[in-house]
Amino acid sequence: MEIRNNWTREEVEQIFNQPFLDLVYQAASVHRAYHDPNEVQISTLLSIKTGGCPEDCSYCSQAARYHTNVKVQKLLPYEEVIQAAVRAKDNGSSRFCMGAAWREVRDNKDFDRVLDMVKGVNSLGMEVCCTLGMLSEEQAQKLKDAGLYAYNHNIDTSEEYYEDVISTRTYDDRLETLGNVRKAKLSVCSGGIIGMGESTADRIGMLLTLANLPEHPGSVPVNNLVPVEGTPFENQKTASVWDLVRVIATARILMPKSAVRLSAGRLELNYEGQAFCFMAGANSIFSGDVLLTTPNPDAKSDKELFQILNIKPKEAFKDEKKSGIEFNQIPSAQGLEHTH
């Protein structure tokens, strides 16, 4: 199957709306052509700066304007972040993502501290990812130079439904940040959220946008809304497992080489539901009992699930090694002894 960036809406609709089992079969076939079906990457996401965000994302517990149970927390100390990364690696994670509740990256001491964190986590031999809001091409390059592997910036939903979710930044703002990430030759991590009251057409529109980017994202997180009390979406009915699998399967068919990440909302899925997601092409999960600020399955249950399904964790930088590409931003681990 060829890699395409010129899908039409009609083609995506036809894929998305086909009989469920036919869709899963097609997605599983594509998945097996490009990936090891019994291998899933374990990633860990840590909130390094929590709450107080000026944005109005209707799903987010960290928006300053909403009254949620999230406590505002300043940027974590370097040592605490490195220790968390070491624990994550010990639990099988090969990717470590650091999230800060900022609207955009600013060139200040906090950003300098994040660059140091990137260097520190990178020296552990992990794929380092950040999600820090909007950033410029120059800031993306600084992150790359520090050893960042991937940058997460979700488009969230379709362009048509976007204004029903967020008003403090535009869809084009998000696409511009993704462009800056690509220019720095960082791996793009971009997906969205379902269960926010969007239509099937919106889910198709979101997938169409991602699949027709100049390059497919290296990672496509698929999140199921976790309603948070105090946010505008606190009473939303979340999407069913069947809806989730349909989005994952379509993403897999449209973007064959991408990692499709089963992200927020996994706590609501039983083992059978998660297995269906893996069969449909999901090949990454976030581990740890908290995903930024929302509950997530703990490492013990994930290990049990992997044992039941005979799934093995994917090692860091495997895609690069398989392609003969060396990710040359990994310095030695010298100087980290004090953090263990």
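Residues numbered from 1 in each chain as written. Predicted model: local features only at pLDDT ≥ 70, side-chain atom pairs only at ≥ 80, totals over all residues. Heavy atoms only, no water.

Caption draft 1: Spotlight on the overall build of the chain. Across its full length, the chain carries 11 helices and 12 strands. Buried positions account for 57% of the 340 residues belonging to the chain. Summarising the internal contacts of the chain: among those between residues at least 6 apart in sequence, 77% fall at separations of at least 24. As displayed, the chain has an accessible area near 15000 Å², and 49% of this comes from carbon and sulfur atoms. (Helix = DSSP H or I, 4+ residues; strand = E, 2+ residues; numbered from the N terminus. Buried < 20%, exposed > 50% of the residue type's maximum accessible area, 1.4 Å probe, protein only. Contact = heavy atoms within 4.5 Å. Areas by Shrake-Rupley, 256 points an atom, 1.4 Å probe, with all protein chains shown as cover.)

Caption draft 2: How the structure looks around the packing of aromatic side chains. Taken as a whole and assessed by the stated rule, the structure comprises 5 aromatic pairs. A centroid spacing of 5.4 Å and a plane angle of 85 degrees characterise the contact between Tyr 149 and Phe 317, whose relative ring orientation is edge-to-face. Taken together, the positions of Tyr 149 in the loop between helix H5 (137–146) and strand E4 (150–152) and Phe 317 in the loop between strand E12 (312–313) and helix H11 (318–323) put the pair 168 residues apart, joining distant regions of the chain. With relative accessibility at 9%, the residue Tyr 149 sits in the buried group. Where Trp 242 meets Phe 276, the ring centres are 5.8 Å apart and the plane angle is 80 degrees; that geometry is what we call edge-to-face. (Phe/Tyr/Trp six-rings, centres within 6.5 Å; stacked < 30°, edge-to-face > 60°.)

Caption draft 3: Here's a closer look at the pairing of strand E9 (residues 282–287). Here E9 lies mainly inside the structure; 6 of its 6 residues are buried. Note that strand E1 (residues 39–49) and E9 share 4 bridges and pair parallel. Along E9, the bridge assignment pairs Gln 41 with Ser 284. Across 3 bridges, strand E8 (residues 259–262) lies against E9 in parallel orientation. Note that in E9 the partner of Val 260 across the bridge is Ala 282. In this region the chain leaves E8, passes through helix H9 (residues 271–279) and returns to the parallel neighbour E9; the handedness of that crossover is right-handed. (Pairing = 2+ DSSP bridges. Right-handed = clockwise from strand over helix to strand, strands pointing away.)

Caption draft 4: Molecular detail of the pattern of salt bridges. Across all of its chains, the model carries 11 salt bridges by this definition. Between Arg 95 and Glu 127 there is a salt bridge, with its nearest N and O atoms 3.0 Å apart. Residue Arg 95 is found in strand E2 (residues 95–100), and its partner Glu 127 is found in strand E3 (residues 127–131); the two are separated by 32 residues along the sequence. Glu 127 carries the same exposure label as Arg 95, and that label is buried. In this structure, Asp 110 engages Arg 113 in a salt bridge whose closest nitrogen and oxygen atoms are separated by 3.5 Å. With Asp 110 and Arg 113 both in helix H4 (residues 109–122) and 3 residues apart, this pair spans about one turn of that helix. Look at the salt bridges and you will find they share partners, linking Arg 103, Glu 104 and Arg 106 into a network. (Salt bridge = Lys/Arg side-chain N within 4 Å of Asp/Glu carboxyl O.)

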